[in-house]
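Chains, contacts and geometry: an overview
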Amino acid sequence: MVLAAFSGNDSVDIRLPRSQEDLLRLIGFLHLDHGMPDKAVVVFEALLAIAPEDLKLRLSLACALLKTGAAAKALETLDRLPDAETANQTTVELPSLFHLLRSRALVQQGRMPGAARSMRHFLRMRRAEKTADW
């Protein structure tokens, strides 16, 4: 991971060693697992500032946001994923977890028809994953 630090008109790339990146991810997951989703949000947002294209980080951030009750921010985070705008119409290459998190966020907002649609996508993808394992 590379973080650009700015000083005046110059920018300097700060490289984060893979071991430190992995440690920060672990800290985020530990916060999430031990009932401190607000701290997990801070860690995942910092990591996403360094690697905005990281799908797993974005999903982790959405999960942490949902646990803090920030459904609108979770949806906004999910909608920044590639192909997220078409995810409700067709099954795209997003993981099934995307649809589960989206469904939970929509339920928190009381948007039941959209939540049901996302849950159907999730269940359809999970069934396909299970039959592929056979």
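Per chain, residues are indexed from 1 in the order of the written sequence. Where local features are concerned, this predicted model is filtered to residues with pLDDT of at least 70; where side-chain atom pairs are given and counted, the filter is 80 or more; whole-chain, interface and lining totals use all residues. Hydrogens are left out, water is left out, and the side-chain values use all remaining heavy atoms of the structure.

With that out of the way, let us pick up the environment of Arg 117. Numbering of helices and strands starts at the N terminus; helices are DSSP runs of H or I of at least 4 residues and strands are runs of E of at least 2. As for its position among the elements, Arg 117 is in helix H6 (residues 112–133). A sequence separation of 14 residues divides Arg 117 from Ser 103, and the C-alpha atoms of the two residues are 7.8 Å apart.

Considering the arrangement of structural elements, one finds Leu 30 in helix H1 (residues 18–33). With ten residues separating them along the chain, Leu 30 and Ala 40 place their C-alpha atoms 7.9 Å apart.

Attention shifts here to the nonpolar core. Core analysis: the biggest nonpolar cluster contains 26 residues, and Phe 44, Leu 78 and Leu 101 have the highest contact counts within it. Contacts between residues were defined by any pair of non-hydrogen atoms, one from each residue, lying within 4.5 Å. When near neighbours in sequence (up to four residues on either side) are disregarded, Leu 101 contacts Leu 59, Ala 62, Cys 63, Leu 66 and Leu 78. Note on terminology: a nonpolar core comprises buried Ala, Val, Leu, Ile, Met, Phe, Trp, Tyr and Cys residues joined through side-chain atoms within 4.5 Å. Burial classification: accessible surface area is computed with a 1.4 Å probe over protein chains only, and a residue below 20% of its type maximum counts as buried, one above 50% as exposed, and the rest as partly exposed.

What follows covers the side chain of Asp 54. As for its placement among the helices and strands, Asp 54 is situated in the loop between helix H2 (37–50) and helix H3 (55–68). Accessibility expressed as a relative area gives 17% for Asp 54, which makes it buried. Here the side chain of Asp 54 touches Lys 56 through a polar contact of 3.1 Å, landing on its backbone nitrogen. Excluding its chain neighbours within four sequence positions, the residues that come into contact with Asp 54 are Arg 25 and Leu 48. Throughout this description, a polar contact denotes any pair of N or O atoms lying within 3.5 Å of each other; where both atoms belong to protein, one of them has to be capable of donating a hydrogen while the other can accept it, and for residues adjacent in sequence the pair is counted only when both atoms sit in side chains.

To continue, consider H2. Here H2 spans 20 Å end to end across 14 residues, near enough to the 20 Å set by a 1.5 Å rise per residue. The complete set of buried residues in H2 reads Pro 37, Ala 40, Val 41, Val 43, Phe 44, Leu 47, Leu 48 and Ile 50. To estimate the expected span of a helix, subtract one from its residue number and multiply by 1.5 Å.

For helix H5 (residues 96–108), with 13 residues, the first-to-last C-alpha span of 19 Å sits near the 18 Å given by 1.5 Å per residue. Every buried residue of H5 is listed here: Ser 96, Phe 98, His 99, Leu 101, Arg 102, Ser 103, Ala 105 and Leu 106. Gly 110 sits one or two positions beyond H5 and adopts a positive phi of about 80°.

A residue-level look at the chain finds 78% of positions with pLDDT of 70 or above and a mean pLDDT of 84. Low confidence marks residues 2–8, where pLDDT is under 50. Its contacts with residues over four positions away, or in another chain, come to 15 contacts. Per residue, pLDDT measures the predictor's confidence, with a range of 0 to 100. The low-confidence segment residues 85–92, where pLDDT is below 50, has 17 contacts with residues more than four positions distant or belonging to other chains.

This part is about the packing of H1 against H3. Convention adopted: a line fitted to C-alpha atoms gives each axis, helices being fitted over their contacting stretch, and angles between N-to-C directions are expressed from 0 to 180 degrees. It is at 11 Å that the axes of H1 and H3 come closest, and there the two elements cross at 25°. Compared by their axis directions, H1 and H3 come out roughly parallel. As H1 runs across H3, the sense of the crossing is left-handed. Counted together, Arg 25, Phe 29 and Leu 32 of H1 and Leu 57, Ser 60, Cys 63, Ala 64 and Lys 67 of H3 form the full contact between these two elements. Throughout this entry, Asp, Glu, Lys and Arg are counted as charged residues, while Ala, Val, Leu, Ile, Met, Phe, Trp, Tyr, Cys and Pro are counted as nonpolar. The remaining residues, Gly among them, count as polar. Of the residues contributing to the contact of H1 with H3, the split by class is five nonpolar, one polar and two charged. For classification purposes, an angle smaller than 35 degrees is called roughly parallel, one larger than 145 roughly antiparallel, one from 65 to 115 roughly perpendicular, and anything else oblique. Crossing handedness is read from the near helix: turned anticlockwise from the far helix by less than a right angle, it gives a left-handed crossing, and turned clockwise, a right-handed one.

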